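Letter by letter, the chains look like this.
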Amino acid sequence: VERDARRAAVLERRLQEAGVPAGVVTGDATAELLLPDQRFDRVLLDAPCSGIGILGRHAEARWRKRPDDGERLAATQRAMLERLAPHLHPGGSLVYAVCSTDPREGVEVVESFLRTHDFTRGFVPATFAPFLTAAGDVLVPPGIDGRDGFYVARLEKRL
(Lines give C-alpha, C1' and ligand atoms only; values in the text may rest on other atoms or scores of the structure.)
Protein backbone atom coordinates (compact mmCIF):
# COMPACT_ATOMS: atom_id res chain seq x y z
CA VAL A 1 0.00 0.00 0.00
CA GLU A 2 1.50 3.30 -1.11
CA ARG A 3 -0.20 6.65 -0.62
CA ASP A 4 1.66 8.41 -3.45
CA ALA A 5 0.37 7.28 -6.89
CA ARG A 6 3.69 8.12 -8.57
CA ARG A 7 5.66 6.04 -6.08
CA ALA A 8 3.16 3.20 -6.38
CA ALA A 9 3.65 3.15 -10.17
CA VAL A 10 7.44 3.08 -9.79
CA LEU A 11 7.19 0.28 -7.22
CA GLU A 12 4.88 -1.72 -9.46
CA ARG A 13 7.28 -1.35 -12.41
CA ARG A 14 10.31 -2.35 -10.32
CA LEU A 15 8.55 -5.40 -8.93
CA GLN A 16 7.52 -6.47 -12.42
CA GLU A 17 11.07 -5.97 -13.77
CA ALA A 18 12.44 -8.05 -10.91
CA GLY A 19 9.89 -10.80 -11.54
CA VAL A 20 8.46 -10.46 -8.04
CA PRO A 21 4.75 -11.32 -7.86
CA ALA A 22 3.28 -8.69 -5.57
CA GLY A 23 0.26 -6.48 -5.32
CA VAL A 24 0.50 -2.71 -4.99
CA VAL A 25 -2.49 -0.76 -3.70
CA THR A 26 -2.60 3.05 -3.87
CA GLY A 27 -4.14 4.68 -0.82
CA ASP A 28 -3.86 5.37 2.89
CA ALA A 29 -2.67 2.27 4.77
CA THR A 30 -4.44 3.42 7.93
CA ALA A 31 -7.77 3.08 6.08
CA GLU A 32 -9.48 -0.20 5.15
CA LEU A 33 -8.36 -0.60 1.53
CA LEU A 34 -8.23 -4.37 1.24
CA LEU A 35 -11.09 -6.82 0.86
CA PRO A 36 -11.99 -8.48 4.18
CA ASP A 37 -10.92 -11.93 2.96
CA GLN A 38 -7.75 -10.77 1.16
CA ARG A 39 -4.65 -12.48 2.65
CA PHE A 40 -0.92 -12.34 2.03
CA ASP A 41 2.02 -14.64 2.81
CA ARG A 42 4.38 -11.74 3.37
CA VAL A 43 3.99 -8.04 4.06
CA LEU A 44 6.66 -5.35 4.13
CA LEU A 45 5.59 -2.33 6.15
CA ASP A 46 8.08 0.45 5.48
CA ALA A 47 6.23 2.80 7.78
CA PRO A 48 6.32 6.59 7.63
CA CYS A 49 8.59 7.80 10.42
CA SER A 50 10.53 10.75 11.76
CA GLY A 51 13.52 9.82 9.60
CA ILE A 52 16.07 10.58 12.29
CA GLY A 53 18.12 7.64 11.03
CA ILE A 54 18.89 9.44 7.76
CA LEU A 55 19.87 12.85 9.13
CA GLY A 56 23.47 12.11 8.18
CA ARG A 57 22.50 12.23 4.50
CA HIS A 58 19.85 14.91 4.90
CA ALA A 59 21.24 17.28 7.52
CA GLU A 60 18.78 20.03 6.55
CA ALA A 61 15.90 17.78 7.67
CA ARG A 62 16.87 18.27 11.31
CA TRP A 63 15.30 21.74 11.19
CA ARG A 64 11.91 20.19 10.36
CA LYS A 65 11.95 17.76 13.28
CA ARG A 66 9.85 18.26 16.40
CA PRO A 67 10.30 16.59 19.81
CA ASP A 68 6.88 14.90 19.51
CA ASP A 69 7.54 13.39 16.03
CA GLY A 70 8.25 9.90 17.39
CA GLU A 71 5.13 9.81 19.53
CA ARG A 72 2.92 11.35 16.83
CA LEU A 73 4.14 9.02 14.08
CA ALA A 74 3.94 5.96 16.34
CA ALA A 75 0.15 6.38 16.32
CA THR A 76 0.15 6.13 12.52
CA GLN A 77 2.53 3.17 12.60
CA ARG A 78 0.29 1.35 15.07
CA ALA A 79 -2.77 2.05 12.92
CA MET A 80 -1.01 0.61 9.88
CA LEU A 81 -0.06 -2.56 11.77
CA GLU A 82 -3.66 -2.89 12.97
CA ARG A 83 -5.00 -2.65 9.41
CA LEU A 84 -2.48 -5.08 7.92
CA ALA A 85 -2.38 -7.79 10.64
CA PRO A 86 -5.75 -9.41 9.75
CA HIS A 87 -4.66 -9.71 6.12
CA LEU A 88 -1.72 -12.01 6.81
CA HIS A 89 -2.08 -15.77 6.48
CA PRO A 90 -1.34 -17.78 9.63
CA GLY A 91 2.38 -18.56 9.48
CA GLY A 92 2.96 -15.49 7.32
CA SER A 93 5.62 -12.86 7.96
CA LEU A 94 5.29 -9.13 8.40
CA VAL A 95 8.49 -7.08 8.29
CA TYR A 96 8.12 -3.74 10.07
CA ALA A 97 10.79 -1.19 9.14
CA VAL A 98 11.45 2.48 9.92
CA CYS A 99 14.45 4.70 9.14
CA SER A 100 14.45 5.85 12.74
CA THR A 101 16.24 4.70 15.86
CA ASP A 102 13.71 6.38 18.17
CA PRO A 103 12.35 3.62 20.44
CA ARG A 104 8.87 5.20 20.29
CA GLU A 105 8.74 4.34 16.57
CA GLY A 106 10.54 1.01 16.76
CA VAL A 107 10.64 -1.35 19.67
CA GLU A 108 7.76 0.33 21.55
CA VAL A 109 5.43 0.02 18.53
CA VAL A 110 6.39 -3.63 18.04
CA GLU A 111 6.16 -4.56 21.74
CA SER A 112 2.71 -2.96 21.96
CA PHE A 113 1.58 -4.86 18.85
CA LEU A 114 2.91 -8.19 20.13
CA ARG A 115 1.07 -7.77 23.45
CA THR A 116 -2.30 -7.47 21.70
CA HIS A 117 -1.97 -9.74 18.64
CA ASP A 118 -1.28 -13.39 17.95
CA PHE A 119 2.17 -12.73 16.47
CA THR A 120 5.70 -13.59 17.54
CA ARG A 121 9.13 -12.39 16.48
CA GLY A 122 10.50 -14.27 13.50
CA PHE A 123 13.91 -15.35 12.31
CA VAL A 124 16.23 -12.60 11.07
CA PRO A 125 18.96 -13.61 8.57
CA ALA A 126 22.51 -14.01 9.91
CA THR A 127 23.64 -11.08 7.76
CA PHE A 128 22.13 -8.80 10.39
CA ALA A 129 23.71 -10.56 13.41
CA PRO A 130 25.97 -7.60 14.31
CA PHE A 131 22.87 -5.40 14.66
CA LEU A 132 20.52 -7.74 16.53
CA THR A 133 18.98 -6.48 19.74
CA ALA A 134 18.39 -8.73 22.75
CA ALA A 135 14.79 -9.15 21.54
CA GLY A 136 15.95 -10.28 18.07
CA ASP A 137 15.17 -7.12 16.11
CA VAL A 138 17.62 -5.21 13.90
CA LEU A 139 18.80 -1.81 15.11
CA VAL A 140 21.46 -0.06 13.08
CA PRO A 141 22.81 3.13 14.67
CA PRO A 142 23.30 5.93 12.15
CA GLY A 143 26.80 6.84 11.02
CA ILE A 144 28.48 3.44 11.35
CA ASP A 145 30.45 2.93 8.12
CA GLY A 146 28.32 5.66 6.55
CA ARG A 147 25.11 3.70 7.08
CA ASP A 148 21.71 5.18 7.78
CA GLY A 149 20.08 4.31 11.07
CA PHE A 150 17.05 2.06 11.04
CA TYR A 151 14.97 -0.43 12.98
CA VAL A 152 13.51 -3.66 11.56
CA ALA A 153 11.41 -6.37 13.21
CA ARG A 154 10.19 -9.55 11.58
CA LEU A 155 6.85 -10.64 12.97
CA GLU A 156 5.14 -13.95 12.24
CA LYS A 157 1.45 -14.67 12.62
CA ARG A 158 0.98 -17.73 14.78
CA LEU A 159 -0.68 -20.77 13.23
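The preceding data block contains the structure.
The rules behind the values
- Note on numbering: residues in each chain are counted from 1, in written sequence order.
- Totals for whole chains, interfaces and linings use all residues, but because this is a predicted model, local features are given only for residues with pLDDT of at least 70 and pairs of side-chain atoms are given and counted only at 80 or more.
- Note that the side-chain values use all heavy atoms of the structure and ignore hydrogens as well as water.
- Each helix is a run of H or I in the DSSP string that is no shorter than four residues. Each strand is a run of E no shorter than two, and both are numbered from the N terminus.
- Helix span is expected to be 1.5 Å times the residue number reduced by one.
- Residues adjacent in sequence count toward polar contacts only when both atoms are side-chain atoms; beyond that, a polar contact is any pair of N or O atoms within 3.5 Å, and within protein one must be able to donate a hydrogen and the other to accept it.
- Salt bridges are defined as contacts in which a side-chain nitrogen from Lys or Arg sits within 4 Å of a carboxyl oxygen from Asp or Glu.
- Buried, partly exposed and exposed residues are distinguished by accessible area as a fraction of the type maximum, computed with a 1.4 Å probe on protein chains only: under 20%, between the cut-offs, and over 50%, respectively.
- Side-chain atoms within 4.5 Å are what join buried Ala, Val, Leu, Ile, Met, Phe, Trp, Tyr and Cys residues into a set we call a nonpolar core.
- Any pair of residues with heavy atoms lying within 4.5 Å of one another is described as a contacting pair.
- Only Phe, Tyr and Trp rings take part, Trp by its six-membered ring, and two of them pair if their centres are within 6.5 Å. Stacked means planes under 30 degrees apart, edge-to-face means over 60, and tilted covers everything else.

**Looking at helix H1 (residues 5-18)**
Okay, so step 1: Between its first and last C-alpha, H1 extends 20 Å over 14 residues, near the 20 Å set by a 1.5 Å rise per residue.
Okay, so step 2: Of the residues flanking the start of H1, the one acting as N-cap is aspartate 4, its side-chain oxygen 2.8 Å from the backbone nitrogen of arginine 6.
Okay, so step 3: Two residues or fewer past H1, glycine 19 is found with a positive phi of approximately 75 degrees.

**Details of the pattern of salt bridges**
Okay, so step 1: One pass over the structure, following the stated rule, counts nine salt bridges.
Okay, so step 2: Arginine 83 serves as the salt-bridge partner of glutamate 32, at 3.2 Å between the closest nitrogen and oxygen. Placement of glutamate 32 in the loop between H1 and strand E1 (40-46) and of arginine 83 in helix H2 (residues 69-84) is noted, with a sequence separation of 51 residues between them.
Okay, so step 3: Since its relative accessible area comes to 45%, glutamate 32 is described here as partly exposed.
Okay, so step 4: Across the pair arginine 121 and glutamate 111 runs a salt bridge, and its minimum N-O distance is 2.8 Å. You can see arginine 121 sitting in strand E3 (residues 119-121) and its partner glutamate 111 sitting in helix H3 (residues 107-116), a full ten residues away along the chain.
Okay, so step 5: The exposure class assigned to glutamate 111 is partly exposed, which follows from its relative accessible area of 28%.

**Points about the nonpolar core**
Okay, so step 1: Counting 23 residues, the largest nonpolar core has Leu45, Leu81, Leu94, Tyr96, Val110, Phe119 and Leu155 as its most contacted members.
Okay, so step 2: Looking at this core, the elements with two or more residues in it are E1, H2, strand E2 (88-98), H3 and strand E5 (150-157).
Okay, so step 3: Discounting residues that sit within four places of it in the chain, phenylalanine 119 has contacts with Ala85, Leu88, Phe113, Leu114, Leu155, Glu156, Lys157 and Arg158.
Okay, so step 4: Counting six residues, the second-largest nonpolar core is a separate cluster that includes Ala97, Val138, Val140 and Val152.

**Concerning the packing of aromatic side chains**
Within a pair of aromatic rings, the relevant descriptors are the distance that separates the centres and the angle that separates the planes.
Okay, so step 1: Across all of its chains, the model carries two aromatic pairs by this definition.
Okay, so step 2: Relative to tyrosine 151, the ring of tyrosine 96 has its centre 6.4 Å away and its plane inclined at 70 degrees; by these criteria the two rings are edge-to-face. Here tyrosine 96 is found in strand E2, whereas its partner tyrosine 151 is found in strand E5, with 55 residues between them in sequence. Neither residue differs from the other here; tyrosine 96 and tyrosine 151 are each classed as buried.

**A closer look at the side chain of serine 93**
Okay, so step 1: Inspection of the secondary structure assignment puts serine 93 in strand E2.
Okay, so step 2: In this structure serine 93 comes out as buried when scored by relative accessible area, which is 6%.
Okay, so step 3: Of note is the side chain of serine 93, whose polar atom sits 2.9 Å from the side chain of arginine 154.
Okay, so step 4: Beyond its immediate chain neighbours, meaning those up to four positions away, serine 93 contacts Asp41, Arg42, Val43, Leu88, Arg154, Leu155 and Glu156.

**Notes on the side chain of serine 100**
Okay, so step 1: Checked against the element boundaries, serine 100 lands in the loop between E2 and H3.
Okay, so step 2: Here the side chain of serine 100 touches aspartate 102 through a polar contact of 3.1 Å, landing on its backbone nitrogen.

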